[in-house]
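Here are the chains, one letter per residue:
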Amino acid sequence: MVNLDILCTFTRMRSLLGIQAPDVKFVTPEIVQDVAKSLEPSTLLKVSEDGQMVARKHKLDLEAAAAKVDARSLHVRPFPWRTTMEDIETTFKDVGKLLSIRLRRHPATKDFKGSAFLEFETEEEAHRVQELDIMHKGAKLVMEKKVDAMEREKEEEKEAAARAAAAPVSEAPASATEGKMPDYTPGVIVEVKIEGEVPETFQREDLKELLGGVEAGVKFIEYVKGQNEGYIRFDTPEHANAALEKVGDGIDHEGKSIQISLLEGESEVQYWRKVEELQRAKRDRSSGGRSKGFGGSRGRGGKMFRGSSSGRGRRDHSKRPRESGDDNASPAVKKQAVQEAA
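This report concerns the structure included in the present document.

## Section: the overall build of the chain
Move 1: Helices and strands together make up the secondary structure of the chain, namely 11 helices and 14 strands.
Move 2: Roughly 23,700 Å² of accessible area belongs to the chain as shown, and the carbon and sulfur atoms make up 50% of that amount.

In structure tokens, the structure reads:
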């Protein structure tokens, strides 16, 4: 049996009961008594005679129970990375009865993955909800059975491992942020695929026009002319979903079928990691390689302030002591002074 006061310190119970911290000293006898009373009608749990402990009435077959839970659970995405269980509850409060919400997190960093497992009261209820069109903060939620999602992710991991094994070994040092969850808005990237041979004349501007341009929320297009694949970044998940609905099963352009699909899961995370790496490399280039020392590898002044071969550098004339009458000097005098200083 389990002590009820300890059970009340669990995160979910604290939220429901308004308990301040995970410490039994905050669990009053009145709270324990109320919880014990609420459990009396339960067909699954029994309360001890003194009302201080709780246990299952029947031995649980863990494997069978887990299978039942999985059958009535959905894998739902995308959610913003700061999403809470309360946010999801609010979205689904009028949709179906939720038994539990499990926010999925990266094992190494504990960062939210942008997806969750939602357990419903029955398998039939989960199936009914799956058929609905539900929006969360501007993004249309993608829902699939939990068992199907787990199987899909296993296959994606196998494919990713195979690609990594086939790729040449890089000797570049590991990124300082490797393994860290990038900060991004889920559901704004779509992958573009064009069938057949693509003419060199087909460019980013063509994709931009086909999808409505800036007015349709197109923010950035990653595409090399003549290629069969690319990516489009939208301002919001709502814009991305509008584009997906517009294109549907495909859009024809000069006899070529263009298809787009929402980038999700690990593929989406890897895309944003690559974006962060490129941005970081760009900042490093623009700073002149300051990580190698003040002014970069070009010496104290860097390339912006290189001096003569003597290494003295150019004087800063803005610090030249002002002579009396400078402010009222004629333009010709000022010009001569500048030439002498230079």
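After that view, the rundown keeps rolling.
## Things to note about the sheet that holds strand β6 (residues 112-120)
Strands pair in a sheet through their backbones, by hydrogen bonds, and they do so in one of two ways: parallel or antiparallel.
Move 1: Ordered in space as β5-β6-β4-β9, the 4 strands form an open sheet in which the pairing is antiparallel. Taken across any chain shown, the strands that pair with only one partner, and hence form the sheet edges, are β5 (98-105) and β9 (142-145). Strand-to-strand, the axes of this sheet are offset by a mean angle of 25°, without reference to chain direction.
Move 2: Both β5 and β6 contribute to a ladder of 6 bridges, which runs antiparallel. For Ser 100, the partnering residue across the bridge sits in β6 and is Glu 119.
Move 3: Sitting on the sheet, helix α7 (residues 146-166) touches β4 (73-77), β5, β6 and β9, and the angle it makes with β9 is about 95°.

## Here we look at the pairing of strand β14 (residues 256-262)
Move 1: Where strand β10 (residues 189-194) and β14 come together, 5 bridges link them in antiparallel fashion. Bridge pairing links Val 190 to Leu 262 in β14.
Move 2: Where strand β13 (residues 251-253) lies against β14, 3 bridges are found, and the strand directions are antiparallel. Its bridge partner lying in β14, Ile 251 is registered against Ile 258.

## With respect to the packing of aromatic side chains
Move 1: Enumeration according to the criterion identifies 4 aromatic pairs in this entry.
Move 2: Aromatic pair Tyr 231 and Tyr 271: ring centres 5.2 Å apart, planes at 50°, arrangement tilted. Here Tyr 231 is found in strand β12 (residues 229-234), whereas its partner Tyr 271 is found in helix α10 (residues 265-286), with 40 residues between them in sequence.
Move 3: Members of the aromatic cluster, connected to one another through ring pairs, are Tyr 231, Tyr 271 and Trp 272.
Move 4: Stacked on the ring of Phe 117, the Lys or Arg Lys 146 has its end atom at 4.7 Å from the ring centre.

## Brief notes about α7
Move 1: The terminal C-alpha atoms of α7 lie 30 Å apart, and with 21 residues this matches the ideal 30 Å at 1.5 Å per residue to within 8%.
Move 2: All of the buried residues in α7 are Lys 146, Ala 149 and Glu 153. Taken end-on, α7 shows its buried residues confined to a sector of 50°, consistent with a single buried face. Exposed residues pointing more than 90 degrees away from the buried face of α7 are listed as Lys 158, Ala 165 and Ala 166.

The rules we used
Residues numbered from 1 in each chain as written. Predicted model: local features only at pLDDT ≥ 70, side-chain atom pairs only at ≥ 80, totals over all residues. Heavy atoms only, no water. Helix = DSSP H or I, 4+ residues; strand = E, 2+ residues; numbered from the N terminus. Areas by Shrake-Rupley, 256 points an atom, 1.4 Å probe, with all protein chains shown as cover. Pairing = 2+ DSSP bridges. Axes fitted to C-alpha atoms, helices over the stretch in contact; angles between N-to-C directions. Contact = heavy atoms within 4.5 Å. Phe/Tyr/Trp six-rings, centres within 6.5 Å; stacked < 30°, edge-to-face > 60°. Lys NZ or Arg CZ within 6 Å of the ring centre and 35° of its normal. Expected span 1.5 Å × (residues − 1). Buried < 20%, exposed > 50% of the residue type's maximum accessible area, 1.4 Å probe, protein only. Arc of directions from axis to C-beta.

Shape descriptors only; they carry no functional weight alone.
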